[in-house]
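This is what each chain is made of:
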Amino acid sequence: MKIKNKVIISILTMIIVLLVLPIFVVEYAEARMGMGLIMIFFFLINPIVSIGLSLLVSKDVKKLWWIPVLFSLMFLISYWLVLEQIILELIIYAINYLILGILTIIISKKFNK
C-alpha cells in the first residue's frame, strides 16, 4: 500500500474514532450510557485503533513515525473539545496510547525481520 493511502486511512480513522463517535455519544446517549461508552472508548476502542494504526505504518516507520504521535495528540484535543473542558488526566491516556503504538511498531519490526 502506498504511503499516501496509509496517511489518508490513518487520518480518516482518527477523525471517526476520536471525533465523530465521541461527539455522537455525548450528543445522543443519556448520561449513564454515555459515560460507559466513553470508558469503552478509553479502555478498548482507542487502544485497538492505536495498535491498528501502528501496524499499518510499521513498514514505513521512517516516513510515517508521526502517526502514533498524531493519534495521541488528536486524542487529547478531540476529547477536550468533546467534553468541553481541559482534563489533564487525559494526558495519561494519550501517553499510554503513544507507548502502545511505539511498542507495536517495535514488536512488528522484530517479527518482520
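Look up a bit, the structure's there.
A word on a positive patch on the surface. On the surface, Lys62, Lys109, Lys110 and Lys113 cluster together to form a positively charged patch. Assignment of secondary structure puts Lys113 in the segment after helix H5 (90–112). A relative accessible area of 86% places Lys113 in the exposed class.

Turning our eyes to something else, we now look at the packing of aromatic side chains. What describes a pair of aromatic rings is the distance from one ring centre to the other and the angle between the planes of the rings. Considering all chains together, one arrives at eight aromatic pairs under this definition. Relative to Tyr97, the ring of Phe71 has its centre 5.9 Å away and its plane inclined at 65 degrees; by these criteria the two rings are edge-to-face. Residue Phe71 is located in helix H4 (residues 66–83), and its partner Tyr97 is located in helix H5; the two are separated by 26 residues in the primary sequence. By relative accessible area, Phe71 is classed as buried at 1%. The rings of Phe42, Phe43, Phe71, Phe75, Tyr79, Tyr93 and Tyr97 are connected pair by pair, giving a single aromatic cluster.

For any two helices packed against each other, one specifies the crossing angle of their axes together with the interaxial distance. Axis separation between helix H1 (residues 3–28) and H4 bottoms out at 10 Å; the angle between their running directions is 20 degrees. What the angle tells us is that H1 and H4 run roughly parallel. For the pair H1 and H4, the crossing hand works out as right-handed. Mapping the contact onto sequence places Val7, Ser10, Ile11, Met14, Ile15, Leu18, Leu19, Pro22, Ile23 and Val26 in H1 and Trp66, Ile67, Leu70, Phe71, Met74, Phe75, Ser78, Tyr79 and Val82 in H4. Here the contact of H1 with H4 is composed, by residue class, of 17 nonpolar, two polar and no charged.

Attention now moves to a nonpolar patch on the surface. On the surface, a nonpolar cluster with roughly 990 Å² of combined accessible area is contributed by Ile86, Leu88, Ile91, Ile95, Ile99, Ile102, Leu103, Ile106, Ile107 and Phe111. Following the sequence through the fold, Ile91 ends up in helix H5. Among the residues examined, Ile91 registers a relative accessible area of 32% and is labelled partly exposed.

For H4, with 18 residues, the first-to-last C-alpha span of 25 Å sits near the 26 Å given by 1.5 Å per residue. Among all positions of H4, only Ile67, Pro68, Phe71, Ser72, Met74, Phe75, Leu76, Ser78, Tyr79 and Val82 are buried. Lining the buried residues of H4 we find H1, helix H2 (31–57), helix H3 (61–64) and H5. Taken from the residues just after H4, Glu84 is the one with a positive phi, measuring 60 degrees.

Criteria and cut-off values
- Residues numbered from 1 in each chain as written.
- Predicted model: local features only at pLDDT ≥ 70, side-chain atom pairs only at ≥ 80, totals over all residues.
- Heavy atoms only, no water.
- Patch = residues over 30% accessible without salt bridge, like charges linked within 9 Å, V, L, I, M, F, W, Y side chains within 5 Å.
- Areas by Shrake-Rupley, 256 points an atom, 1.4 Å probe, with all protein chains shown as cover.
- Salt bridge = Lys/Arg side-chain N within 4 Å of Asp/Glu carboxyl O.
- Lys, Arg positive; Asp, Glu negative; His and termini not counted.
- Charge placed at Lys NZ, Arg CZ, Asp CG, Glu CD.
- Helix = DSSP H or I, 4+ residues; strand = E, 2+ residues; numbered from the N terminus.
- Buried < 20%, exposed > 50% of the residue type's maximum accessible area, 1.4 Å probe, protein only.
- Phe/Tyr/Trp six-rings, centres within 6.5 Å; stacked < 30°, edge-to-face > 60°.
- Axes fitted to C-alpha atoms, helices over the stretch in contact; angles between N-to-C directions.
- Parallel < 35°, antiparallel > 145°, perpendicular 65-115°, else oblique.
- Left-handed = near helix turned anticlockwise from the far one by under 90°.
- Contact = heavy atoms within 4.5 Å.
- Nonpolar A, V, L, I, M, F, W, Y, C, P; charged D, E, K, R; others polar.
- Expected span 1.5 Å × (residues − 1).

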